[in-house]
Amino acid sequence: RYRWMRLRNPQSNRIPPNIRAREVDFAKQLPKTQRKVSTWSRRGPSNVGGRTRAVAYDASDPSGETILAAGVSGGMWRTTDGGESWARTFEPGQRPSVTTVVQDTSEGKTDVWYAGTGELIGNSASGIGGALYKGNGIFKSTDGGRSWRKLPSTDSNPVQFESPFDFVYRVRIDPSNTAQDEVYAATYNNIFRSVDGGESWTSVLTGSPTNPRQASAYTDVTVTSTGVVYATLGGRGEQCGIFRSPDGRNWTEITPSGWPGGGACSGDFFRTVLDVNPSNESEVWFIAYAPGYGPTASDGSPFNHVMWRYDAASNTWENFSEYLPQRGTSTHFESQTGYDLHVEVHPGAPNTVYAGGVNLWQITVDGSPENAATWIGGYDPQGGLYSPSSGDSQHPDQHAIDFHPRNSSVMLTGSDGGVHQTSNNRVSQDEGVTYTSLNNGYFTTQFYHVCMNADSDDPTIMGGMQDNGTWYTQSTDPQEPWVRQQGADGGECEISEAQAQRGTFRYASAQGGIVVQYPDGTGTRQRAAYPEQATGQLFIHPFEVDPADPAVMYYPAGDTLYRNRRMETEPADPSRWNGLPEAAPDGYRITALTASRTRDPHVLYYGATDADGDAQPEVPRLYRLDDATTGFAPVDVTGPNFPAGAFPSDIAVDPANSDRVLVAFSNYGVPSLFYSSDGGQTWTNVEGNLGGPDGPSVRAVSILPQPGIDQTLFYAATSVGLYSTDTLSENSTWQRESPSGMGNVVVNDVETRPTDGQVLAGTHANGVYSSDVPVPVRVAEYETSVQESNRSVMVSWKIPGAVSPVLELQHLYRNEPFDDRGSLQQPDLRTYRYEADSLPPGPHTFRLVQSEGETTRTLRTSDVVIPTEGAYDLTKPAPNPFQRRTSVRLTVRERQHVRALLYNTLGQRVAVLYDESLPANRPVDLRVSGDDIASGSYFIHVEGETFSDTRQVMLVE
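What this report covers is the structure whose coordinates are included nearby. By convention here, each chain's residues receive numbers from 1 onward along its written sequence. A pLDDT threshold of at least 70 governs which residues receive local features in this predicted model, and a stricter bar of 80 or more applies before side-chain atom pairs are shown or counted, although totals over entire chains, interfaces and linings include all residues. With hydrogens and water excluded, all non-hydrogen atoms of the structure serve as input to the side-chain values.

1. Considerations on the sheet that holds strand β8 (residues 138–141)
Line of reasoning, step 1. Being paired, for any two strands, means DSSP has found at least two bridges between them. Going along the chain from the N terminus, every DSSP run of H or I of four or more residues is numbered as a helix, and every run of E of two or more is numbered as a strand. Taken in spatial order, the four strands line up as β6-β7-β8-β9 in an open sheet, and their pairing is antiparallel. Where the open sheet ends on each side, the last strands, each with one partner, are β6 (98–103) and β9 (149–150).
Line of reasoning, step 2. Examined bridge by bridge, β6 and strand β7 (residues 113–117) share five bridges and lie antiparallel to one another. Within the sheet, the bridge partner assigned to Gln103 lies in β7 and is Trp113.

What follows is the structure in structure tokens.
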């Protein structure tokens, strides 16, 4: 519901179909940033993996050290050292929604891999109601997974859904067909077969042969070592059930009597997964999510899941549904409507089945069902909690497992917590299996929010992640492990310096707006920090610690705005939370809020929406609350051009001026960015080139002023990367940041810090990135003076404040390039001086620059003129003697007519070098060419109205 509110097009009340593919294609046309700032750096977390649907050992490596894994929004990754380190093998522009990976284990073909993309349900990077995280077909590697190319035969039109390869559930290979590269793909509504390694495909089984509107949304496929193929079709297709083929072309339905819905396509038969018993390939196991079916749960309701085994040798079925665990609410078998569901048979134990849902279970079927299931991963079976602090913990929400190619007791798991490995997957009691995390540089975490302290002396950055809690780091090394602050789904977070006491306060939140304060910043103490009487919170809920007064916190709930002015002493005291009950119209919900850093005026802006799906959506409201820490009289500053029904996703206030405010609306199909420079009295649509029917969803915005050069940078975090601009207007040109790093993944949050220019980007795919935009220095009392006696220039300036920048004074004479006059750094003195001696006559330019990395900013510029000492200045010839060219430079104190002639030793005039009026203090080069004269001595005679002089030159061969 939260994602739908944020993303839907309010006019159609739907999330645009296939918008992921359309916006990625749209983003390809957007410009990449040309701004030379410090490069973007990955910040981690290296030790917290993101949602992973595919894991596999490389069978060609007997040690099991080479592993491939894929985050569903983080792309393909590969390790060759058993998970000690990882390398991303998908390019930034390749769509990262990988759902399945398989290796061709045939002799001589082990370098061949296939990866299918596209997740129909469950992806937090998109949403519900149409915002499916559509893939882009199947990718193939022929170099052991080091690089990948998309198979053109599986490509699709990015504008509309027209290819079953938009959603690939499984890719499997027939190892028995050594003459051909036979591959199977279970896709939306189809089972496809290829005999040329994926270059072409034939649909061999479909859920809707005649009516594409009655599709089988859920499919699966597997192949035995002898080439027998099994497949499942589920959903509302024309045909559903379980099918078998001896050759991949001729199919027989084998759905058993008593199967949910009897194999009918009524919608009761949803996702079914399957696996062949490696010890006895006549046996095939099936687990299905089937609402209303299965054994009766402990509360008397249907269990909604079934587990069956088929024996091809006898063509018989056996129902093992009662072997699925039926325990407490957090540890019974649950797959979240089939979102996390898989089944695998142990290679060395034919009666041991691994069933994955929210938790991972080892099920032994050679005894009674009462004690058949052993808990081996996910939520703790006793307390129902997940605790990654223990060394043997795994993570809830299971998606894949793979067994070691040489030792079947060793097993990989892929879950919402990344990749884990166990060396003892056979146990007889709960919690007996121990795991090692392989998330060492496997950067696949999905962030909702990131934060940092406004005080740049605090190196902490923190962020809330999908299903992985809130973690932090104080290191710039991306390989340094992050530290867990708290669990659950991590949401909004804040870090601030205490005002009434020494120390740092951290605020972390979980889904539903549960905010916890950590007074000492370490997590050893914690206090609830939200109004317990509040109702109507969002899934990922906003709150704001006042940057100008960190003892104050603002917390919205529904149409009420709460404020607590005693956060440093009594954060949870209900009496300290004063509510403004009608801060927004009835039926609206406050979705975003931001306070200014300035105290005069001190302003809180907040936005609200009615996003309830009405046929006639209302305009979202924006309010300005002056004297935010004490006032409670908000003023409606809603723009007349705000899009009806839109969701205010974020608000950014210029740290230097609280009247400058940027508002983002995250819905598709609406104008997404509006800017006001007068506190909300007038608004300008500034989405510029980010707009259009295929434009991205804008999730967050931030403003970074650079007062030293009178420039401001604006950032927009979107569903297809991070963008920036330094000019806001109706025609704003937004440029993509870090195209080769972040690429086009979903960026959920962006934060900037004006004190040192740090920018944080929280991706919902590959962790956190940061960049340092050099903060221009404020320069005061910049002066330039000329000393004619020694033809010198004194340049001086002051740097107010407590900064110690590295500055450089550069010098330009005539049209020559700037030369460096030296780097100046005096950390203890705020007054800088530089003296340039014995400069030649004429105009000179000095400029003061600040350089950091590739970025150079001009802070101040001055022009001076060095006069001649007498009536004129004539330099010596250079070079002399010469072979092709020589010259002398003439400067006169007063403007006058000048003639310069070249004579030979006989007194004959050879050339006229100059014959015109020469301005005062404007040097001119009198050039002699040796192209048309013979070798020997010559004389340059220069004569003006107030002087005459001669220089001898020698031309040599």
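2. A short note on unusual backbone geometry
In terms of backbone geometry, most residues other than glycine have negative phi values and most peptide bonds are trans.
Line of reasoning, step 1. Following Gly44, the chain continues into Pro45 via a peptide bond in cis, with omega recorded as 5 degrees.
Line of reasoning, step 2. Structurally, Pro45 can be placed in the loop between β1 (41–44) and β2 (52–57).
Line of reasoning, step 3. Here the residue pair Ala878 and Pro879 is connected by a cis peptide bond, since its omega of -5 degrees sits within 30 degrees of zero.
Line of reasoning, step 4. Here Pro879 lies in the loop between β64 (872–874) and β65 (885–892).
Line of reasoning, step 5. Notably, Asn13 is not glycine yet its phi reads approximately 65 degrees, a positive angle.
Line of reasoning, step 6. Its place among the elements puts Asn13 in the loop between α1 (2–7) and α2 (19–27).

3. A closer look at the nonpolar core
A general feature of soluble globular proteins is that nonpolar side chains tend to end up buried together.
Line of reasoning, step 1. Counting residues in hydrophobic clusters, the biggest one holds 21 residues, and the most contacted among them are Trp285, Ile287, Met307, Tyr323, Leu324, Phe333 and Ile363.
Line of reasoning, step 2. Of all the secondary-structure elements, those providing two or more residues to this core are β19 (283–289), β22 (342–345), β23 (352–356), β24 (360–364) and β25 (373–377).
Line of reasoning, step 3. The element contributing the most residues to this core is β19, with three residues.
Line of reasoning, step 4. Dropping the residues within four chain positions of it, Ile287 is found in contact with Arg271, Thr272, Val273, Val306, Met307, Leu324, Phe333, Leu341, His342, Val343 and Ala355. In this description, a nonpolar core means a group of buried Ala, Val, Leu, Ile, Met, Phe, Trp, Tyr and Cys residues linked to one another through side-chain atoms lying within 4.5 Å. The buried label goes to any residue with under 20% of its type's maximum accessible area, the exposed label to any with over 50%, and the partly exposed label to all in between, with areas taken from a 1.4 Å probe on protein chains only. When checking whether two residues touch, look at their non-hydrogen atoms; a contact exists if any pair is within 4.5 Å.

4. Some details on the packing of aromatic side chains
Line of reasoning, step 1. The criterion for an aromatic pair is that two Phe, Tyr or Trp rings (for Trp, the six-membered ring) have centres within 6.5 Å, with stacked assigned to planes under 30 degrees apart, edge-to-face to planes over 60 apart and tilted to the rest. Summed over the entire model, instances satisfying the criterion amount to 34 aromatic pairs.
Line of reasoning, step 2. With centroids separated by 5.0 Å and ring planes inclined at 45 degrees, the aromatic side chains of Trp285 and Phe320 adopt a geometry described as tilted. Of the two residues, Trp285 sits in strand β19 while Phe320 sits in the loop between β21 (316–319) and β22, which places them 35 residues apart along the sequence. Side by side, Trp285 and Phe320 carry an identical accessibility label, which is buried.
Line of reasoning, step 3. In this structure an aromatic cluster arises from ring pairing among Tyr230, Trp259, Phe286, Trp308, Tyr310 and Trp317.
Line of reasoning, step 4. Only lysine NZ and arginine CZ atoms are considered, and such an atom sits over a ring when it is within 6 Å of the ring centre and within 35 degrees of the ring normal. Against the face of Trp4 rests Arg8, its NZ or CZ located 4.9 Å from the ring centre.
Line of reasoning, step 5. One cation-aromatic arrangement involves Arg563 over Phe632; the distance from NZ or CZ to the ring centre is 4.1 Å.

5. Remarks on the environment of Val686
Line of reasoning, step 1. By the element assignment, Val686 lies in the loop between β49 (684–685) and β50 (698–706).
Line of reasoning, step 2. Assessed through its relative accessible area of 1%, Val686 is described here as buried.
Line of reasoning, step 3. The sequence separation of Val686 and Ser792 amounts to 106 residues, and the corresponding C-alpha distance is 50 Å.
Line of reasoning, step 4. Sequence-distant contacts of Val686, that is, excluding residues within four places in its chain, are made with Leu662, Leu673, Phe674, Tyr675, Leu728, Ser729, Ser732 and Trp734.

6. Remarks on the side chain of Gln537
Line of reasoning, step 1. Tracing the chain through its elements places Gln537 in the loop between β37 (527–528) and β38 (544–545).
Line of reasoning, step 2. For this analysis, a polar contact is any N or O atom pair within 3.5 Å, provided that within protein one partner can donate a hydrogen and the other can accept it, and provided that sequence-adjacent residues contribute only side-chain to side-chain pairs. At 3.2 Å, the side chain of Gln537 forms a polar contact with the side chain of Tyr555.
Line of reasoning, step 3. Once you skip the residues sitting within four places of it in the chain, Gln537 turns out to touch Gly512, Gly513, Tyr555 and Arg589.

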